[in-house]
Every structure is written in C-alpha cells, then in structure tokens.
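Analysis of the macromolecular model
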Amino acid sequence: MTSLNVWDIHGGIHPPERKALSNRTPIQQMPLPAQLVVPLAQHLGTPAEPCVMLGERVLKGQRIAEANGFVSAPVHAPTSGTVSFIGPQPYPHVSGMLSAAIVIDSDGQDEWVERQPHAEYAQLPPAELLEIIRQAGISGLGGAGLPAAVKLSAPSSQKIRTLIINGTECEPYITADDLLMREKAAELVAGIEILAHLIQPEQVLIGIEDNKPEAIAAVQAAVGGRPYLVKSFPTKYPSGGEKQLIQILTGEEVPSGGLPADIGMLCQNVGTCVAIHDAVLLGKPLISRITTLTGEALGRPMNVEALIGTPVAELLAFAELDSSKLNRLIMGGPMMGFTLPSTDVPLVKTTNCLLASTLTELPPPPPALPCIRCGECAEVCPANLLPQQLHFFALGQEHEQLRAYNLFDCIECGACAYVCPSSIPLVQYYRSAKGEIRALEQKQQKAEHSKQRFELRQERLRRAEEQKEADRKARAERAARAKAAQAETSSVPSQDDPVARVQAQKAGLSEQQKKLKIEASMAQVALKKAEKQLAVHATAELEAQVAELRIVAMSAQKALDDANAAAPPAETATAPTLATNDAAKKAKIEAAMLRVQARKLEKLENRDAEQNSELSRLQSQLAEAEKALALTTANTSAPATKTAGDEALKKAKIELAMKRAELKKAEKAGAEEAELSKLRDGLASAEQALHDAEANSGKPLPELIRNDKRPVNDLTRTLKTDVAFARADLRKLERDTDSETSAIEAARTRLSEAERKLQEHTDS
C-alpha cells in the first residue's frame, strides 16, 4: 500500500545530493582481508568484554566479546582465524584516540560456526525472540548505534502504536540504504514482519524520500498485500531524523526532551531490519554491513558489503583511491560526518559511508565572522530552535540558559551552519556545550553520591556510638544490681557450703599450712605424671617409682590434714563488714564512671552550651559521689597495719626481681662483659639485701630443700628425644586406620630399640 498523506517539517535545506556517484552499480562484495580489527565499542553504552584468549582460533560468527550490561552488545568474529592481539587499536573517532579491539588474522577458510536459525519464530515467546536479537549484536545501523534490543525493550506502560521504518537516507552522497532496499527488499519486509510480531503495533509505516524511485518500487513489490503503508515524500534535509520522520509520516510531534516511545512510536532503520532478518531466520550475527564508498578522489565509487573490522585503507584501495586528489576523508556524510585522522582505522557497525573528497569538491570553510543576526539559521532549524541564541549562550557558558532554550533537542544536523553567511561553525559550539553540561552533571551526580555515602556513614557511626553507650550503661547497671544483690545476701558463710567455707578459711592459713598445701599439690602432680608414663610403658622401674610417689603423696596429704585440724578456725567477716565493703566498692565505681565522663567533656576544645551544662552536672555529681565514698571508707574497718619489716621485705623482693630481669635482658642482647659484671654485682647486692630483710622481718627463714638431681648430658637428651619421636610416630600410625601392619611393626621395633639404648645409657 502507498499513501500520499504526509506532513511537512519546519525548516530544512536542499544541499546538492551527489548520490549519482555511487548508486549506479550493484552492491559489490569486498575481498576477504588478511587481518581484521574488531573494536569492542561499536555501539552506544558500555563496551563489550572479550571472551576469547590470545592465540585462540575462532570461527566466523563466533562470539568473541560479551555484552557488558543492559546498554551494550556482543561482538562476533567476522571470519575464521586466530586471535593475534587484544588491546588498544586505531578507532574511527575525530579525536584519533586508540580503543580496545580484538585483532583476528584470517586463515582464508571463512569457516562458519554452527548456526541456529529460527524459521518458526512466531512460536517463540517475545522475551526469547528479543534475546536472539540481543545476542546477535545488532545495533542501529542508521548512525546512532543504540543496541536494537534496548530500543525494542519498551516498558509495558508504553504501548507502541506505530512502527516506522526509516528508508529516508536524506544526507548527500550516501546511498547504502537505497541500494539495500533495491536488492534486499524481500529480506527487509521479512525483518519488518519479525518486528511487527514482536511489538504488535497498530500500523506499520515505511518512509522513503521521492528521490529513490527504484527503492520505492522494490519495497512496494515486496510488501504486496501486507498491511504496511509505504509513504513517499518530498526530498528535504534532514527528513531522516527520527523526530522529523515521525512528524512527516504521522503529523505528531515528539515533546521536547522526550522519546518517540512517549507518544507510542518506534523507528528502525532499514539496515537494522535486514540484520534482524539475518539473525532470526538465518542465525547470522551482525558481522558485515553495506557501506557507501564515494567522492571524486575515488576511481570506482560504489556500495560495498564488507566485514566489520576491515581496514579503511583496503576499502579505499578496492575503490581505486587516487591519493593525490584526496583532501579530506570523511566517515559519514558531508553534513553530519567527521574527518578521519588516519586510514588505519577499521570499518565499524555504524560506518554507512566513506567520503573521499577533493579540495574543489569540499573546500575548507572561510574564517568565521561575527553573527549579523540575519535569522537564517532559525528559519532552517528542523527542531524549531533559536541557533543564534544558543551560540551566544554557548560562548558565555550559560548552561542554564542553554537548557532553557532546549539545547538537547538539537540533532546536530548542520543545517544552521550550512546557511550561515558568517561561516560560524555552530554545531561545534553546540557539541562542546553539550559535553560541558554532561561533564558537570556527572560531577554533580558523583558529588551527590559521595554526600549520601558520607551522611549514611555518619548516621551509622552515630547509631553505633549510641549502641555502645547503651551497652556500657546496661553493663554498669547489671554490675551494680549484682553487687547490691550480693551485699544483701552476704552473711556469715554457711558451714554446709564448701566453697564459702574454703573462701572464709583461705585468708586464715598459717605459713606452715601453706607450705604443707604446696608440698601435697606437688606430690599429687608428680604421682599423676608417673602414672601416665606407667600406662604407656609398663616397666618394673616405673611401677616401683609410682608406688614410692603414692606413699609420698599420701604422707603429704595426711600432714596437711593434721595441720588444718590442729589450726584454730579463722574468723569470718560479719555481715555488716561485708555490706560496708560492697557499698565502698559501689561508691568507687560510680565515682570512677563520673570522673571518666567529665574528663571526656573537658578534653573537647569547643564545647557548646549543652555540653557545658552536662559538664557542670557531672562535676556536681562527682563531688557528691566522692563525699559518699569518703564517708563509706571512713566507716570501713581499717586493715591490719603492716610492720616496717614486712614493707622492707616486700621492697627487697621487688628489687631482686628487677635486678634479675635486667641481667637476663642484657645477656640475651649480647651486652659487653663490663656491663654484665656490673649487673651481676647489683644482683648480688639485691640478694644480700633480701637476706637482711628476711632476717629483720621477724619471720622464720624459708626452709631450703635441695633435690639431688643429676644434670642431663647431651647424649641422654638425644636418646630421650629419639624415644619421644619414635613414640609419636607409632601413635600416629595406630590412629590412622589406613596404616599398614608392616609400618606399625617397624615403628614398634624402632621404639623398643630407642628405649633399650636409653635404658642402657641410664644404667651405665
């Protein structure tokens, strides 16, 4: 079906088309290059992530990079070969900067990976069909490069009423879509059917400018009786803009700052539709595209279907470039394209044209002059903006005014700069201003994010501090309640309670009782140690030793029991005394807590009024607590006074311990002999002072018990070590259920031999 019901847009221009240079011959097939450079960022959004290794052989159509996020697209190998490099490579951008890419050395076989076509796509769920398009790496082939799956993933609240297929190709020189519609009209319509099945629009409109009669006829023939409207409209630049095409075909306008989906519209380029056909019906990912090679510097202008990653230099050589005529090499058209800094860059998914122009064909613009406010730029602006005002605001970096005048509605078509009599590069100013605003927005977003993180952290720390303070107060209250309960229930210990009886009697032990208790404990320890050895090695000698130690332990315990029975019972503290002591402890704790809180506030340099008030309150409470503590301490019975001899004895012991520690430290550090001699003299003086203090203290001298212990020589120590290791190895083997019997027997033999040698050495 064909409809003539079209609308006009504001402004627009009619530059020389120059399309006849390249649309006279069929699409040519580019020979297979020896090397392909496949960039990872061929679309809007996040670059893809490599999923192949250096040196790996890949097949044609194999995925070599995964999509890294929702707004991203995978990348596939354009041919079979070996991955020779992964890293920065030349990239088609006006800056000339390098970009991450995967380099594939072709093996010439062009061997395909196993493909999975879906002829019965109508039976698939929409989500699965959308995933097939996503995994094919299809991005918009009209120039912007937005991943097709992202554009097709409209929210359920946005019902798409109209699907618009863009076959306008309004920019001069470019004829890639024209030739595609002529030669692949059937594939185009099949791709439209897939999109219509996926989004279920109410109508499908195919827009083509009237300067492409062959394409219009081919598409109309392919549509046949399908309910798709083919709309032909007068040629005007930039009719191919998404918002402009919607207005031409439907008469509706996309609101400022909005998207076509906001009014129920969805636009797709004809090249994208053919790529969707290849992905779904043939199982082919997007690894090639049709590109226009044109310009007067080429001997054979044409449209060529080339693999993604083909070097631009080889494409130009295929079109017979005359380097002597070449002035500027432009990727894209003369209105919205950009000059390539080098021919080493590769072909990417968004490369719809390579324009090799001569100096006379595209002469450099004259120097810019001041704006004369003629208003011609406003008359041709398709977005109905005020370019001259935007220019002034961009010069002054008045970002708020630029927003108010809808800078971001500018599609950068270049119509304003084309008609400017002052030759002002207006689009460059707008691009720069947009970049500045985006950079400021990103900084503001980062600053806001950092602020939120800081505030959340401060709130988290405040809650943690409050929790700590609450826990501390709770612990203090529990401790106070426990002490109060202990003070209330404390009385004369019951004789039926063995723990209370022992605690009450512990303080009343005499020196003789303490000595006997220590001897009984040591005898018990020696007996238990000998019994353990006897359990492991039952020898006659050990049995005799255990029997002797058992007699010694029983004698020591009997002597201790007799001494305890003969000693008078120790007087226990009365209930009032215990209660007074607990009250004194409680008062000390309360005073210490108040003192710590007051010191915290005193350390603050700049205290506010609330903190000063809190400090005054704490100081007054501290004074009352100290008074209560003094009163409680006065009511407590004074401890038994120590004699001067006891103090001197204690001081002498401490001095001796310090001198001994100093000497050991110096010996470990390898001090000189003179210093060691001085320290030894000091130790001897401290020992003599301790003897004098013991003599003057009035206490009985400690009984010196000497044990006859023979020194252990090196051979004995070695034999004992061998016995210990042999015993450990045997135990380890016995515990292990997987141990072999021969290994256990060998370990036992080794242990017996080690014990025999030790016994022979001990008896000798």
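Residues numbered from 1 in each chain as written. Predicted model: local features only at pLDDT ≥ 70, side-chain atom pairs only at ≥ 80, totals over all residues. Heavy atoms only, no water.

1. A short note on the overall build of the chain
Within the chain one finds 22 helices and 18 strands. Relative to the globule expectation of 27 Å for 764 residues, the C-alpha radius of gyration of the chain, 49 Å, shows a markedly less compact shape. The principal-axis extents of the C-alpha atoms in the chain amount to approximately 130 × 85 × 65 Å. Across the 764 residues that make up the chain, the buried fraction comes to 39%. A fraction of 72% describes how many contacts in the chain between residues 6 or more apart in sequence connect residues 24 or more apart. Looking at charge distribution, the chain has the averaged site of its 89 positive side-chain charges lying 7 Å from that of its 99 negative ones. (Helix = DSSP H or I, 4+ residues; strand = E, 2+ residues; numbered from the N terminus. Rg over C-alpha atoms; globule rule 2.2 N^0.38 Å. Buried < 20%, exposed > 50% of the residue type's maximum accessible area, 1.4 Å probe, protein only. Contact = heavy atoms within 4.5 Å. Lys, Arg positive; Asp, Glu negative; His and termini not counted. Charge placed at Lys NZ, Arg CZ, Asp CG, Glu CD.)

2. Remarks on the sheet that holds strand β18 (residues 353-357)
Ordered by their spatial adjacency, 6 strands build an open sheet running β2-β15-β14-β18-β16-β17, and the pairing between neighbours is mixed. Sheet topology places β2 (28-29) and β17 (338-339) at the edges, where each strand pairs with a single neighbour. One ladder, built from 2 bridges, connects strand β16 (residues 328-331) with β17; its direction is antiparallel. Across the sheet, the residue bridging to Met331 is Phe338, located in β17. (Pairing = 2+ DSSP bridges.)

3. Quick word on a nonpolar patch on the surface
On the surface, Leu54, Phe85 and Ile86 cluster together into a nonpolar patch covering about 260 Å² of accessible area. By the element assignment, Ile86 lies in strand β8 (residues 81-90). (Patch = residues over 30% accessible without salt bridge, like charges linked within 9 Å, V, L, I, M, F, W, Y side chains within 5 Å. Areas by Shrake-Rupley, 256 points an atom, 1.4 Å probe, with all protein chains shown as cover. Salt bridge = Lys/Arg side-chain N within 4 Å of Asp/Glu carboxyl O.)

4. Here's the deal with the confidence of the model for the chain
Predicted coordinates in regions of low pLDDT should not be interpreted in detail. Per-chain confidence: the chain averages 86 in pLDDT, with 91% of residues scoring 70 or above. Ignoring residues within four places in sequence, the model shows residues 570-575, a span with pLDDT below 50, making 9 contacts including any to other chains. (pLDDT = per-residue confidence, 0-100.)

5. Description of the pairing of strand β6 (residues 63-66)
As defined by bridge partners, strand β4 (residues 49-50) adjoins β6 across 2 bridges and the pair is classed as antiparallel. Paired with Glu49 across the strands is Glu66, a residue of β6.

6. Focus: helix α16 (residues 540-566)
The end-to-end C-alpha distance of α16, which contains 27 residues, comes to 39 Å, matching closely the 39 Å that a straight helix rising 1.5 Å per residue would cover. Listing the buried residues of α16 in full gives Leu542, Val546, Ala553, Ala556, Leu560 and Ala563. (Expected span 1.5 Å × (residues − 1).)

7. A few points about the pattern of salt bridges
What the rule picks out here adds up to 34 salt bridges. The closest approach of N and O atoms between Arg57 and Asp107, which form a salt bridge, is 2.8 Å. With Arg57 in strand β5 (residues 57-58) and Asp107 in the loop between β9 (98-106) and α1 (126-135), this pair connects stretches of sequence that are 50 residues apart. In this structure Arg57 comes out as partly exposed when scored by relative accessible area, which is 40%. For Asp107, a relative accessible area of 31% gives the class partly exposed. The closest approach of N and O atoms between Glu760 and Arg756, which form a salt bridge, is 2.5 Å.

8. What about helix α3 (residues 176-183)?
Owing to its 3.6 residues per turn, the α-helix aligns residues three or four sequence positions apart on the same side. Summarising burial for α3: 6 of the 8 residues are buried, a large majority. Those residues of α3 not exposed but buried are Ala176, Asp177, Asp178, Leu179, Leu180 and Met181.

9. What about the state of the cysteines?
On inspection of all chains with the given rule, the structure shows 0 disulfides. In this structure Cys381 is a free cysteine whose sulfur lies 6.5 Å from that of Cys413, the closest cysteine sulfur available. The exposure class of Cys381 is buried, given its relative accessible area of 9%. The thiol sulfur of Cys410 is not disulfide-bonded, and the nearest other cysteine sulfur, from Cys416, lies at 6.3 Å. Exposure remark for Cys410: the relative accessible area of 15% places this residue in the buried category. (Disulfide = S-S within 2.5 Å.)

10. Regarding the packing of aromatic side chains
We describe a pair of aromatic rings using the distance from one ring centre to the other and the angle between the two ring planes. Per the stated rule, a full pass over the model turns up 1 aromatic pair. The ring centre of Trp112 lies 4.3 Å from the NZ or CZ of Arg115, which sits over that ring. Looking at Arg300, its charged tip hangs above the ring of Phe318, at a distance of 5.2 Å from the centre. (Phe/Tyr/Trp six-rings, centres within 6.5 Å; stacked < 30°, edge-to-face > 60°. Lys NZ or Arg CZ within 6 Å of the ring centre and 35° of its normal.)

11. Things to note about the side chain of Lys236
Within the secondary structure, Lys236 is located in the loop between β12 (228-233) and α6 (242-250). Judged by its relative accessible area of 14%, Lys236 falls in the buried class. Aside from chain neighbours lying at most four places away, what touches Lys236 is Asp8, Ile9, Gly11, Gly12, Ile13, His14, Cys170 and Glu209.

12. Quick word on the packing of helix α21 (residues 714-735) against helix α22 (residues 741-763)
A pair of packed helices is characterised by two quantities: the angle between their axes and the separation of those axes. Closest axis-to-axis distance for the α21/α22 pair is 9 Å, and the angle between their directions is 160 degrees. Taken as axis vectors, α21 and α22 run roughly antiparallel relative to one another. In this structure, α21 crosses over α22, and the sense of that crossing is left-handed. Grouping the amino acids of the contact of α21 with α22 by side-chain chemistry returns 13 nonpolar, 2 polar and 9 charged. (Axes fitted to C-alpha atoms, helices over the stretch in contact; angles between N-to-C directions. Parallel < 35°, antiparallel > 145°, perpendicular 65-115°, else oblique. Left-handed = near helix turned anticlockwise from the far one by under 90°. Nonpolar A, V, L, I, M, F, W, Y, C, P; charged D, E, K, R; others polar.)

13. Digging into the sheet that holds β4
Across the sheet, 3 strands lie side by side as β4-β6-β7; this open sheet has antiparallel pairing. In the strand order of this sheet, the two ends are held by β4 and β7 (75-76), each with one partner.

14. A short note on the packing of α3 against helix α7 (residues 270-281)
Following both chains from N to C, one finds α3 and α7 inclined at 45 degrees, their axes separated by 9 Å at the closest point. It follows from the interaxial angle that α3 and α7 lie oblique. By crossing handedness, the relation of α3 to α7 is classed as left-handed. Residues Asp177, Leu180 and Met181 of α3 pack against Val270, Gly271 and Val274 of α7.

15. Focus on the side chain of Asn269
As for its placement among the helices and strands, Asn269 is situated in strand β13 (residues 265-269). There is a polar contact of 3.1 Å between the side chain of Asn269 and the side chain of Asp177. (Polar contact = N/O pair within 3.5 Å; in protein donor to acceptor, adjacent residues only side chain to side chain.)

16. A word on the nonpolar core
If you look at the biggest cluster of nonpolar residues, it comprises 51 residues, and the most contacted ones within it are Ile138, Ile165, Leu188 and Ile206. Sorting elements by how many residues they give to this core places helix α4 (residues 185-199) first, with 9 residues. Ignoring sequence-local partners within four residues, the contact set of Ile206 consists of Ile165, Ile192, Val219, Val223, Tyr228, Leu229, Val230 and Lys231. With 19 residues, the next largest nonpolar core counts Leu293, Ala306, Met331 and Leu347 among its residues. (Core = buried A, V, L, I, M, F, W, Y, C linked by side-chain atoms within 4.5 Å.)

17. A word on the pairing of β9
Examined bridge by bridge, strand β3 (residues 35-39) and β9 share 5 bridges and lie antiparallel to one another. Its bridge partner lying in β9, Val38 is registered against Ile102. Here 9 bridges tie β8 to β9, and the two strands are oriented antiparallel to one another. Each residue of the ladder has a partner; that of Val83, found in β9, is Ile104.

18. With respect to the environment of Glu193
Position of Glu193 among the secondary structure elements: in helix α4. Distance from Glu193 to His277, taken between C-alpha atoms, is 9.0 Å for residues 84 residues apart in sequence. Aside from chain neighbours lying at most four places away, what touches Glu193 is Tyr121, Arg226 and Tyr228.

19. Observations regarding the environment of Tyr228
Looking at the element boundaries, Tyr228 is found in strand β12. The buried category is assigned to Tyr228, whose relative accessible area is 8%. Sequence separation of Tyr228 and Gln28 is 200 residues, and the distance between their C-alpha atoms is 30 Å.

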